[in-house]
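Structural overview
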Amino acid sequence: MSKKNNADKKSAAISGFDWLLGETIRACALMLMALGVVFVSSAAARLDAEYNIRKLYAYTEFRQAIFFIPAIIIMQIFASLNYRRWSIRKNGLPGLLCNPMVWAMLISLILLVIVLIPGIGIEKNYARRWLEIPLGPVRMSFQPSELAKWCLVFLMAAVLAQWQPPVKSFLRRFLPLCGLAGITVALIVIEDFGTAAFVAVLAFMIMLFGGVVWWYLLTPLPPAACGFFFSIVTNPTRINRLKSFFTPDPNAVSAEAYQITQSLIAIATGGLWGKGLGNGISKYGHLPEDTTDFIFAVICEELGLAGACLVIFLFIMLLLCGIIVVLRCKDRFGQLLASGIVLTICLQAAINIAVVTQCLPTKGIALPYISAGGSGLLLTAAASGVLINIARSSYIRIS
Amino acid sequence: MKSIHIAVIAGFLAIAGFFGLAARCAWLGYWNFEDYAKQAGKPQNTIVPEPARRGSILDCRGRVLAASEKSYLIFAEPRAIDDAKAVANELAPLIDMPAHDICIKITESRNPGFVKIRSSVSLDEPLIRRINMIRGIGIQTEWTRIYPTAELTSHVVGFTRSDHVGAEGLELQYDRQLSGTDGRLVFYADAMRRPIALKSLESHPVDGSDLITTIDVSIQGIVREELLTQINAFKAESGIGIVMDPYTGAILAMVCLPDYNPVQREKLNTDAMRNRCLTDPYEPGSIFKPMVAAWALDCGVINTTEQIFCENGNYHGKGFGTIGEYRRGFGNLTVGEILQESSNIGMAKIGQRMGAQKIYEGITVFGFGKPTGLDLQGEQAGTVRPLAKWSGYSVARVPFGHEVNVTAIQIARAFCILANSGRSIQPHLVKATIDKDGRTIKLKHSTATAGYIIKPEVAKWIVSKALVDVVNKGTGRNAKLERWQVFGKTGTANIANVGGSGYDEQNYVASFAGGAPAENPKIVVLVSIRKPDRSLGKGYTGGAISAPAAGKIIERTLNYLEKSSI
């Protein structure tokens, strides 16, 4: 007991390497966020630009810049909070009730239900994924699925950290955890196939990292496959996306095929060094979703292959730092949480880039740090802050 | 193996994945660049033409009939203007427009990006600079087509549509030469095809060529003035006047009344826009006789001294009906006297001697029945019935200009052939083009050297003896001049009833075709006045109406040509 208390106390004894590791993560995150601010501004450029200073929040390009500073502050706050705060410190129900992530998970599940109600959930691009929260003069829109994703990662890491691997007991341990992930995914898949599939993969991988017996993990696959198959065949948009992926046709007129063709055009015409910052053409109405899901294509067009490599390099750096953090961390919760965070960010980035370069069918998945969207940016910044804190806390030893 | 090591392995797999994605980007951007650049080309580019200057149309002495003038369009961008009143006050004196009107245009504009303040403004360099200094006001250059001679040359010159494409007259006929080639500026475009930024200048505009016409504005003015006087005096429906050079086929003047102002588009009506010289064939009547007589002499059917009995004004028989004279009957007349007195019976008898075949040949050789090929659109062929349909009536009627329909330009050309001693000519309006570099390109028209279609001595006798007598002693006395020996022939033709047989006995076309000086003709003139008001009691015949006008035109034109040619 006393050992644990000591560990939870903030200590000034941070090693130089740990500090460097944390700062490298911060630098990567900040550079990616800064790139996001620049390219959201560039991609949001319009010909008939006229700005009303009172409606500043209504402009995507300014909104991203407005969120940049809070994101830095939030990253710093979460980096200075001991990551053990997110673990389950007591056994049984009291331990669960003391964990803020449990409540956050509950709230996000409720929000996922609320967002489905027509009139409350905001429909964009034929999918009801957004909630609008009136915040003073502005209405901040926000995707509950983003919050649910992060809550699930944190909560699963916390729960799995309590159990020594290999995690056995199918009914008492695996099934409740799997059920939580299943409910979350099921609520998301109704309106957002891409995020749901992504969250399912995340949950699967975190359980694998957590030492769940491997054949347990095979059991949810048949029902999950059925569920996803059903959600695909009932939705013509998803069928179109798959069709346009498997039969690429540059002259196709369907919205999905047009989008991916425009994306490839943007990437290809960028060449080696790009057309120069702000000189892209695709963003003027040719490439749909240029500030969000397809912002990577805009980066490629304006900064060329060099810009693409820069972005990919930063994510690789983040991955490398994450691997080092996991290897150095002596706390099982820290290991699981760090790998969950890094995986969430980098896997999402990889999927996004793969979609933009037509390596995967089109999904509604944003590029972390960079795509326009304030709430998503703040959540990613918070998670990065937690990762920084784990990186600095390699001295903590609990077993 | 610890389970967390799976995470590490997953991390390295993800790194490998990122390398794969980088390779994919490189493949797309570096090795596939050309393919996608081509695909991007069309929707991402928009072509903005830079209009070329349309060529001018000049008269034979270089006076401007039509030209393109660079002018400016003043526009405002309302969203960039905070104080419309101040801007309006600043702009008003520069473009000579009430400040209040400018202010209203700016404030009531529905388009926040563009509102036209005033178009076709002419500005000089300092003024342009001053206007450009005003915030929210801009200038665009545009071309305006101007027609300094307005109504005077309307039917010849025509006009352009608002998009600067020829719509009528020479503007239409020579549109390809006049219009030049617009320059092409390639802009990057957004999805709405609005230009974003200049990509490349694909080509510079190539200005159009200028046209030098055969028209002489001074002569055109003389013809119009005389024609207008007669039309007003006799309350006629319309009139035609043509002045031609008999040797070259150059048209010095071509006037149709009523005419129109090519600039006032809103008042245009198709009736006034018709170039009647080309589009309205009519039965020529007696002005047709000299050609038939010349052909008869040329064929040797008659000779100049032979007497033809003119039946004392009443000639009838089986197969050709009854033919009378205009006023009184005649006894024996030579062919010269038949023309001088304009005897229908005499001409009918000459026709009967020739027979259908020869008459048909003759009028075809003179070019009736097919367009003359004048370089204007809308020319009609007239009607010469195919030989198989000719009856006894035709043989006795065609020689004095019935049962055929001809256009004014055909008659004018036929008189030119007589006047130039029987050589065929090509009527034309444009003699040369001048391209943008100042090179003059002469247009080739077959001229009087082409060969004789009738014997020169026959043509000379018709012009300098028979047609001179018409003016000196016969029906054309009103065209007689002191200074110049005029030759010519009058004609008073019935107008065939529309859609029925027979003639409208109240309405006539009064014509005079001729020229001067008879010994060595410089000009050929045709004046045709349609439907003079008979109730005025001032006469309705070619001799009464058209001959005096033609005489005045000849006198003034020859005086003018004498003075202006050094």
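Right above here is the structure, for reference.
Now for a quick tour of the structure. No experiment lies behind these values; they were computed from the predicted model shown.

1. Things to note about the overall build of chain B
Each helix and strand in chain B was counted, giving 18 helices and 19 strands. The buried share among the 566 residues of chain B stands at 53%. Taking all contacts inside chain B whose residues are at least 6 apart in sequence as the whole, residues at least 24 apart take part in 71%. By element, 51% of the accessible surface of chain B is carried by carbon and sulfur atoms, the whole surface being about 25000 Å².

2. Some remarks on the overall build of chain A
Broken down by element type, chain A carries 14 helices and 3 strands. Taking all 399 residues of chain A together, 56% fall into the buried category. Looking at chain A alone, contacts between residues at least 24 apart form 75% of all its contacts between residues at least 6 apart. A total accessible area of about 16800 Å² is found for chain A, and carbon and sulfur atoms account for 68% of it.

3. What to know about the pattern of salt bridges
Residues and elements named next belong to chain B. The final tally for this structure, using the stated rule, is 30 salt bridges over all chains. Where Asp-280 meets Arg-274, a salt bridge forms, and the shortest distance between an N and an O atom there is 2.8 Å. One salt bridge in this structure joins Glu-311 and Lys-349, with 2.5 Å as the shortest N-O distance. Of the two residues, Glu-311 sits in the loop between strand 11 (308-309) and strand 12 (314-317) while Lys-349 sits in helix 14 (residues 344-365), which places them 38 residues apart along the sequence. In the salt-bridge network here, residues are joined through shared partners; they are Arg-54, Arg-145, Glu-171 and Asp-175.

4. Structural notes on the nonpolar core
Side chains of a nonpolar character, in soluble globular proteins, are inclined to be buried together. Membership of the largest hydrophobic core comes to 145 residues, with the highest contact counts inside it found for A:Leu160, A:Phe296, A:Phe315, A:Leu337, A:Ile341, A:Tyr369 and B:Phe18. Looking at this core, the element that brings in the most residues is helix 12 (residues 295-328) of chain A, giving 19 residues. Once residues lying within four places of it in the same chain are set aside, the contact partners of A:Leu337 are A:Trp86, A:Phe154, A:Ala157, A:Val386 and A:Ile390. Formed by 95 residues, the second largest nonpolar core is a distinct cluster that contains B:Val156, B:Leu170, B:Phe415 and B:Ala459.

Thresholds, definitions, all that
- As a convention, each chain's residues are numbered from 1 in the sequence order in which they are written.
- Chains and ligands are labelled sequentially in the order written, the chains with letters from A and the ligands with numbers from 1.
- With pLDDT at 70 or above as the cut-off, local features in this predicted model cover only qualifying residues; side-chain atom pairs require 80 or more to be listed or tallied, and sums for whole chains, interfaces and linings still use all residues.
- Side-chain measures here rest on the full set of heavy atoms in the structure, leaving out hydrogens and waters.
- Where helices and strands are cited, they refer to DSSP runs of H or I of at least four residues and of E of at least two residues respectively, numbered from the N terminus.
- When accessible area is computed with a 1.4 Å probe and restricted to protein chains, residues below 20% of their type maximum are described as buried, those above 50% as exposed, and intermediate ones as partly exposed.
- By the convention used here, residues are in contact when the closest approach between their heavy atoms is within 4.5 Å.
- Throughout, the Shrake-Rupley method with a 1.4 Å probe supplies accessible areas, and for residues the shown protein chains are the sole cover considered.
- Definition used for salt bridges: Asp or Glu carboxyl oxygen within 4 Å of a side-chain nitrogen of Lys or Arg.
- Definition of nonpolar core: a set of buried residues of the types Ala, Val, Leu, Ile, Met, Phe, Trp, Tyr and Cys, connected through side-chain atoms within 4.5 Å.

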